[in-house]
Amino acid sequence: MHAHRSPISRLDQIHLILDDAHQHHGGTLLVDGLSGMGKTYFLRELAAEAHQRNHWSVTFVNADRIESGEPYSFIERFLAAGIASDWEFEPDIQQQPIVVARDCIRRLMKTLPTQDSGRIIIIDDAQWIDPESIRVLRHMIPRFNRRHVLIACGARTPHGPSSLGQFLLDFSTGPQDRHITLEPLTADDIRGLAFARFGVSISRSNAAKLQELSGGSFLGVDAIFNQVTEEEIEKLHTTWSIPIRNVEVKNPLLRQYGDLSEAARLTAHIVCIAGHEISPAMLRTALERLDVADGTAEAFRSGIIRESDFGRSIVPSHDLVAAAIRETVDPVLARRVHQVLADLTDGFRSVRHLLKGSETWSPQLKEHVEAYLTKATDQLLYANASEILRMALQLANQPEERQQLITELVLINIRAKTGYQCLDLLPEIEAMPHSILREFMAVMLRVYLVEEEFPHQRVQAILAAPATTPDEMAVQAFLTFMMVMMTMRSPDRTRLLQLIPMAQRLLAHGPDHPEELIDQRLSWMVTPQETTLLLECYKIVQWHLNGDIEATVQALPDLIQRVTILNDSPAKIDCLVPLAGAAMATGDAVLAHELAAKAVDLLERVPGDPWAAATPRIILAHSHVLFGNYTSATRILDDLEEVSHEALDLESRLTAAALRAIIDVVTGGQQYEQYLSHATRSAELHWEHYGRDLNVMAQIEIARTQQDYNDVVARASQPELVTFANTQHGYLTYKAHALISLKQLDKARALVNQLRSERGSSWFEYWGSLDWLEARIARATGDVENATAHFIAALAQRRFPLPHALTSVDYGELLLSYGQSQQAEAVLRKAITALEEIGAQAYLASAQDLLQRATQTNRDMTSQVFTTMTDREQEVAAMLADGHSNRAIADRLVISESTARFHVSNILRKLQLSSRAEVPLFLQQLSPQETTGSSRKKNH
């Protein structure tokens, strides 16, 4: 029996199950797992998909716990559900199961489906089936599950030795017998479910929290999702986490734990409370200090804990098991365990255990925490530092203590560019006494409130106050930089070119070195040279958005050189991003690719995050899509998924969805509509982010693959598109092609003339060349000579494989329609090879149809040529096909070698072949009737 353990991609699994069952005329399916894993949901999805296929009839039968002790009670339900509803089955405890089974089989055989249909019998909660009914089913199932019947059974684990679930596990005779175990959901599974449910992905940390709360239960996660409101769903793409409300979920992972002895439970408590691996010696010491008997062996046998690292450490069997058990531990005992573990560990673990083992904040705890924070921030361990401060805040009650801890926590997260994690503290920050530091923290956290306008006036008030210390000067300069960045992320960019020089002046007058600051917690923001250069890079973004392509192109080389010599750092990444975007915006996709690739390489090597942590991967993925490297683009987007929910450039989530939609539809996938539903929300973001038009490009690509040219024109004519500045107007390329296909040539000519005038300034040939458009218009008007010239010019531009291949297809169609079928076949073969190489499945069918037409035409023509050849020439051709040399042909036919050579030359000329090696292939293409029929005709 084939076992699949992953609970993700359930619809794909269902498709495989139904396909196999149809191919093998039935089968069995066991879906098992712990309570709450979603077995019933899976079986109902199976039923729904089967109904859609119109091949299967479905019968759904539930076993009932209440009836599990009544003999034959399930068989009675089974028959009444429609299996044999006309049979009034009367359970009789005296009857032998084999007799009942035979009677059931006789009646079922009369209702079995035909060759053209099938039946699915779904049995849910099979763990409650009475023993007599199980014995009947054990006899029945092997006798009709290959007669166009699929038996699908859902059962809770573990299986009893005589249960139907255990029988199906043991019953395996072919590939049509499947077993799917639904394990507790992983964080990635939950992210996938969220995307399927809401059309928006969620962060890994958010999914991990859901996993912990639900114990990985499908039903638990579903219950939490059910409480998310429509209004909250609409805002998920601009927030940092999905709301989680209190939902009572019975954890399915505690069954084995409940059967443990007291000693084994306490041993499991220590391992699970630790939150990290512990050595056997540490566990023994902890047990001794807590005066607890050693229950390690029993805890091992239960599967609650296990050995790791070849026996050198002990860990919980699963993180979810540990989380579930921690919830059951008495708080007093938990604090005692933490206190003991604090003495047995060091560093982060020790401080964490100290805090977990305390009930109140104290000077001693403060000393430990401050010492650890110094080490953690020096080592860039911001997440650990944040976790320690969060735990400290749970203990601190006095306002002054809380202000100190909140300030530490917020400054660390601002430095780590994870300020969104502190948004819950904003009310307490606003309530602090007024100071430039308080204002700085409040403003920096509001950066992450995407739906609120950035508080420019509040920053202006900070800038208006006289700066009397290096710290205040550094804060003012940094906030001005933030004003620049947030202005770029707003609909109104008119002040940007005035703000940039102001920020550069404040940087020039501020501190040059971090050591100049009094408060070293702010030292990270003192990077005047890097920030000044970054502002120069931001300046050219505004230039190209304003349409000044010439200035952008002129400035790029110098800026690239200056950025190249920077030390590898997050600031260098931030500089590379606008340069890569500018290169793409000015028509140099190769340079954009190179710069984005450098930025991504630095992202993976350099500690710390830039402000634009996601956009480098978007630009790199976009360039890969343009270059036809769809697999590479997908891999980059997969990597992006790991960081996009923690990055300030959150628009990348939507742009990534648009790129995925394009890749999916071009490569013949089935999920593009789902990706598109996510991507369309980019219309709600009103700033000029990179790839702002990719959502529209995805819509149009889908319409084009479906040959819905009216929809292409409609989507490329949406009024809001005229407001886009960050676009290369690829949708206009598609619109022009659609107009030509719709025979609206006057409109097409007008648009092509517009594109000609804008080429190299606001329109670029990433999605298809001007010559391609000119060729199609000329062909549509019957100007074959002009069309041919433009097609040849278009095909000389090979940078972008998909439009190049589609140009070849159109050229091949032109050649075919004007009688040049041999050249058409050669061109179309190259086009199909190119489409296959990049995986553009969506465009292959139409190209292959054209190739088939060209091939058939050529076959017909060559067949006619062959019939005009003399008998002697046909005889020589046959010998050539067998590989004979001129000398061998001469000897065989008793002619001179020069005469044989003469015949060979005539044959190659008449058949338009370039070498004798092509003759065998030519003759293979002719049917036997064609090769023999011509000879018979000549003989007559």
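Up top is the structure.
Residues numbered from 1 in each chain as written. Predicted model: local features only at pLDDT ≥ 70, side-chain atom pairs only at ≥ 80, totals over all residues. Heavy atoms only, no water.

(A) Molecular detail of unusual backbone geometry. Positive phi values are uncommon outside glycine, yet aspartate 309 reaches one of about 55°. Within the secondary structure, aspartate 309 sits in the loop between β7 (305-308) and β8 (313-316). Here the phi dihedral of leucine 380 falls at roughly 60°; this positive angle occurs in a residue that is not glycine. (Helix = DSSP H or I, 4+ residues; strand = E, 2+ residues; numbered from the N terminus.)

(B) How the structure looks around the nonpolar core. Counting residues in each nonpolar core, the largest one holds 193 residues, and the members touching the most others are Leu355, Phe440 and Leu835. Beyond its immediate sequence surroundings of up to four residues, leucine 355 is in contact with Trp361, Leu365, Val369, Ile388, Met391, Ala392 and Leu395. Core analysis: the second largest hydrophobic core is formed by 32 residues, Ala63, Ile129, Phe144 and Phe171 among them. (Core = buried A, V, L, I, M, F, W, Y, C linked by side-chain atoms within 4.5 Å. Buried < 20%, exposed > 50% of the residue type's maximum accessible area, 1.4 Å probe, protein only. Contact = heavy atoms within 4.5 Å.)

(C) Spatial organisation of helix α18 (residues 363-378). The first and last C-alpha atoms of α18 sit 23 Å apart over 16 residues, in line with the 22 Å expected at 1.5 Å per residue. Contacts made by the buried residues of α18 are with α17 (347-356), α19 (382-395) and α20 (399-415). (Expected span 1.5 Å × (residues − 1).)

(D) Quick peek at the environment of aspartate 20. One can find aspartate 20 in helix α1 (residues 10-23). Leaving out residues up to four positions away in the same chain, aspartate 20 has contacts with Gly26, Pro175 and Arg178.

(E) Representation of the pattern of salt bridges within the structure. Taken as a whole and assessed by the stated rule, the structure comprises 42 salt bridges. Between glutamate 430 and arginine 446 there is a salt bridge, and its shortest N-O distance comes to 2.9 Å. You can see glutamate 430 sitting in helix α21 (residues 426-430) and its partner arginine 446 sitting in helix α22 (residues 436-446), a full 16 residues away along the chain. Using a relative accessible area of 26% as the deciding quantity, one classes glutamate 430 as partly exposed. Here the salt bridges do not stand alone but share partners, grouping Glu430, Arg438, Glu439, Arg446, Glu452 and Arg458 into one network. (Salt bridge = Lys/Arg side-chain N within 4 Å of Asp/Glu carboxyl O.)

(F) Representation of the environment of serine 885. Tracing the chain through its elements places serine 885 in the loop between α43 (871-881) and α44 (886-893). With relative accessibility at 40%, the residue serine 885 sits in the partly exposed group. The spatial distance from the C-alpha of serine 885 to the C-alpha of arginine 901 is 9.5 Å, given a sequence separation of 16 residues.

(G) Region of the structure containing the pairing of strand β4 (residues 118-124). The buried count for β4 comes to seven of seven residues, which makes it a mostly enclosed element. Burial along β4 is two-sided: Gly118, Ile120, Ile122 and Asp124 facing one way and Arg119, Ile121 and Ile123 facing the other are all buried. Relative to β4, strand β3 (residues 56-62) runs parallel, the two sharing seven bridges. Residue pairing across strands places valine 61 opposite isoleucine 123, the latter belonging to β4. The pairing of β4 with strand β5 (residues 149-156) spans five bridges and is classified as parallel. (Pairing = 2+ DSSP bridges.)

(H) Geometry of the packing of aromatic side chains. The tally for this structure, following the rule as stated, stands at 15 aromatic pairs. Look at phenylalanine 74 and phenylalanine 78: their rings are 6.1 Å apart centre to centre, the planes differ by 40°, and that puts the pair in the tilted class. With a gap of four residues between them, phenylalanine 74 and phenylalanine 78 both fall in helix α3 (residues 73-83), about one helical turn apart. Exposure remark for phenylalanine 74: the relative accessible area of 2% places this residue in the buried category. Members of the aromatic cluster, each reached through a chain of ring pairs, are Phe440, Phe478, Phe481, Trp524, Tyr538 and Trp611. Between arginine 44 and the ring centre of phenylalanine 60, over which it is positioned, the NZ or CZ distance is 4.4 Å. (Phe/Tyr/Trp six-rings, centres within 6.5 Å; stacked < 30°, edge-to-face > 60°. Lys NZ or Arg CZ within 6 Å of the ring centre and 35° of its normal.)

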